Amino acid sequence: MVWPDAPRVLALASSRKSPKRSSKTGGNSRGRSGGFASVNPATNSIDDANDEIAKRTVRSLFSVCSHIQDPELYQPHWADACHYATDNEGKSAVVTSNDVQKGHVLTLFPIHALGLRTLRRNADAKKKKKHRRDDTEFIAYDLDRDGEYFKEDNQQAGLRMKLNIPLDDSQPASPSILNGDRKSKILYSMLFRDDIVPGWLGGRVRTAAKEANCVTIPLPGAAPICAVVATRDLNEGEELVQGVKSPEMKVLEDCKNILTNDYEAELAELKTYIEMACTAASSDAKSNTATDAKVGVVELGPFHQIQQQYPGLNQLHKNPDIFAVENFLSDDECDRIIAKATPHLTPCIIKNESSGAIEQDLSRTSTDANLPQAEAPSIISKLSEFLLCDANQLEILQILRYTQGQEFKPHTDGYTGPISASGFDASNRLVTIFCYLNDVTRGGSTYFNEIDLEIRPKKGMAIVHFPSDIELREDARTTHQGMPAIDEKYLLATWYDTIG
């Protein structure tokens, strides 16, 4: 997946005034209910440290989910077992595109806004409905795309559904959202647009009291992303119907177990992004004292610190600091990575800053593929130990292949100032590490333009540099390029991210 600039996320704390709620919802509600609490941007209802972490987590999660829902960036073919169809009488429904087994994913549930709310329980349902209080604490949404929905005079427009997303200890978001005394807090997503995106049709599934054949559940390890899964075997062309009430616990547990086992690789990839968002959101609450207390670290001034005593470490340049590690990866590890990635290589793409279109990256003519952390635990362990960071702060591993004539033109890996990057809010890359996966005799060297440093690829050798300082200011001195390849070249790359 390619992460272009993140959406401009606006997050609001809610007013404590009881909002006036309409019994109607905008759009084609098809029996669903929904509403949006009155919002007062000047009201800060969350002010302690734990709640600040929770708010930042919601913002980061929403930003990541927005990218995942862009079909130009991520296409969940594994969750595209249904389509939206209209019959001769003009009746529309979501129907299966093929036979689907129980527990298998039919589609994903879109997230147009992500919020934090208090789960209130009241035995007197009628009284609760009559005196319903504002339970919304915090909402994050895309200001440029959906700001119109959140205007004071238009908070009901187009709203079709509010979906509660329960969290437990298996979900990466749980510690940040449910920290302290926040056990009554819950994530929820909001749906209000009528666009049809393949793989994201969960908001269009009909709800009925009887004859339900599917259920919406959080993806194991990847909430707030939710999937609509079959609660029984379905035939091709069968309409999807979700029950008003949850299915029996045994049915629900069966579906979760099947989902976990049959979609292990897909869930692992999504979990990587969710974990990064959650970890980065709380990382600033931890000072650098823990890292400072470690022995054997290189003092890089305003830059991140790495493990100086790591075997094979060699400093190639000072100010800016560039390091090499001989044999960081073994020959066997390099070969296995190439074998895993080769079937999945695709041309590198990027978001055009002027038009917003997703197109092939003309500055980088190589092909690439992602390698989820779950498929390379030993490598992730090495990276964490060497870079003195948590595994969840590392971006997904990217495998690149360069054939004759392919190159990566001069660029930096950081960003100018503490702006959105890598799909997270106010983040930047503090460390770049890449490792050559094969020996290259001709062409394909890495050249640091500003300091006239050329590095020849050597199998297993890792290179480390620091695109930004700890204040998230880009270091232009790290401008570098992948020289045109003559012989085939493979490398692995990842980045240590943080959130400001």
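Higher on the page you've got the structure.
Keep in mind it's a predicted model, so treat the numbers as computed, not measured.

Conventions used here
- Residues numbered from 1 in each chain as written.
- Predicted model: local features only at pLDDT ≥ 70, side-chain atom pairs only at ≥ 80, totals over all residues.
- Heavy atoms only, no water.
- Helix = DSSP H or I, 4+ residues; strand = E, 2+ residues; numbered from the N terminus.
- Buried < 20%, exposed > 50% of the residue type's maximum accessible area, 1.4 Å probe, protein only.
- Contact = heavy atoms within 4.5 Å.
- Areas by Shrake-Rupley, 256 points an atom, 1.4 Å probe, with all protein chains shown as cover.
- Salt bridge = Lys/Arg side-chain N within 4 Å of Asp/Glu carboxyl O.
- Core = buried A, V, L, I, M, F, W, Y, C linked by side-chain atoms within 4.5 Å.
- Pairing = 2+ DSSP bridges.
- Disulfide = S-S within 2.5 Å.
- Phe/Tyr/Trp six-rings, centres within 6.5 Å; stacked < 30°, edge-to-face > 60°.
- Lys NZ or Arg CZ within 6 Å of the ring centre and 35° of its normal.
- Axes fitted to C-alpha atoms, helices over the stretch in contact; angles between N-to-C directions.

Asker: Give me the lowdown on the overall build of the protein, citing residues and values where you can.
Answerer: Looking only at helices and strands, the protein features nine helices and 26 strands. Counting over 500 residues, the protein shows a buried share of 56%. Looking at the protein alone, contacts between residues at least 24 apart form 77% of all its contacts between residues at least 6 apart. As displayed, the protein offers around 22500 Å² of accessible surface, 47% of which is attributable to carbon and sulfur atoms.

Asker: So, the pattern of salt bridges: which residues are in play, and what are the values?
Answerer: Counting across every chain of the model gives 16 salt bridges. The salt bridge involving D254 is made with K250; its shortest N-O contact spans 3.1 Å. Highlighted residues: D254 and K250, both in helix α5 (residues 249–262), separated by four residues, approximately one helical turn. Since its relative accessible area comes to 23%, D254 is described here as partly exposed. Notably, a salt bridge pairs D469 with R473, separated by 2.8 Å at the nearest N-O pair.

Asker: Describe the nonpolar core, listing the residues and the values that go with them.
Answerer: In terms of nonpolar packing, the biggest core is built from 48 residues, with W78, V105, I177 and L219 touching the most fellow members. With seven residues, the top contributor of residues to this core is helix α1 (residues 49–68). Beyond its immediate sequence surroundings of up to four residues, W78 is in contact with V105, L108, L219, Y263, E266 and L270.

Asker: So, the pairing of strand β3 (residues 92–96): which residues are in play, and what are the values?
Answerer: Successive side chains on a regular strand alternate, one facing one side of the sheet and the next facing the other. Of all five residues in β3, five are buried, a share of seventy percent or more. For strand β2 (residues 82–86) and β3, the ladder comprises five bridges, and the chain directions are antiparallel. Bridge pairing links C82 to T96 in β3. In this structure, the hairpin formed by β2 and β3 is closed by a connection of five residues, where G90 is found at a positive phi of approximately 85°.

Asker: Explain the state of the cysteines to me, using residue names and the numbers behind them.
Answerer: Summed over the entire model, instances satisfying the criterion amount to zero disulfides. Free cysteine C226: the closest other cysteine sulfur is in C65, separated by 9.0 Å. Exposure remark for C226: the relative accessible area of 4% places this residue in the buried category. In this structure C435 is not part of a disulfide, and its nearest cysteine sulfur, from C334, lies 5.2 Å away. We classify C435 as buried; its relative accessible area is 3%.

Asker: How would you summarise the packing of aromatic side chains if you had to cite specific residues and measurements?
Answerer: Two measures describe an aromatic ring pair: the distance that separates the ring centres and the angle between the ring planes. Counted under the stated rule, the structure contains seven aromatic pairs. Measuring from ring centre to ring centre gives 5.9 Å for F328 and F386, while their planes differ by 50°; the resulting arrangement is tilted. One end of the pair, F328, is in the loop between β14 (322–325) and α8 (331–341); the other, F386, is in helix α9 (residues 377–387), with 58 residues separating them in the sequence. The exposure class of F386 is buried, given its relative accessible area of 0%. The rings of F303, F323 and F466 are connected pair by pair, giving a single aromatic cluster. Its guanidinium or amino end placed over the ring of Y84, R204 lies 4.5 Å from that ring's centre, counting from NZ or CZ. A cation over an aromatic ring shows up here: K382 above the ring of F328, its NZ or CZ 5.9 Å from the ring centre.

Asker: How would you sum up the environment of S189? Please name residues and give values.
Answerer: Along the chain, the position of S189 falls in strand β8 (residues 185–191). Between the C-alpha atoms of S189 and I139, which are 50 residues apart in sequence, the distance is 9.2 Å.

Asker: Describe the sheet that holds strand β22 (residues 446–448), listing the residues and the values that go with them.
Answerer: Whether parallel or antiparallel, the strands of a sheet pair through hydrogen bonds between backbone atoms. Sheet architecture is open: four strands sit in the order β20-β25-β22-β23, paired in antiparallel fashion. Each edge of the open sheet is held by one strand with a lone partner, namely β20 (408–411) and β23 (453–455). Taken pair by pair, the neighbouring strands of this sheet meet at an average axis angle of 10°, ignoring direction. Bridge analysis of β22 against β23 gives three bridges, and the strand direction is antiparallel. For Y447, the partnering residue across the bridge sits in β23 and is E454.

Asker: Quick one: what's the story with unusual backbone geometry, residue by residue and with numbers?
Answerer: That bond from A223 to P224 is cis: its omega, 20°, falls within 30 degrees of zero. Note on placement: P224 falls in the loop between β10 (214–218) and β11 (226–230). Omega for the peptide link from N319 to P320 comes to 10°, which places this bond in the cis form. Along the chain, P320 turns up in the loop between β13 (313–317) and β14.

Asker: Can you lay out α9 for me, pointing to particular residues and giving the numbers?
Answerer: Those residues of α9 that sit buried are I379, I380, L383, S384, F386 and L387. Phi for L388, located one or two positions after α9, is positive at around 55°.

Asker: Give a detailed account of the environment of R117, specifying residues and quantitative values.
Answerer: Structurally, R117 is set in strand β5 (residues 113–118). Residue R117 is classed as buried on the basis of its relative accessible area, which comes to 9%. In sequence terms R117 and L187 are 70 residues apart; their C-alpha atoms lie 6.4 Å from each other.

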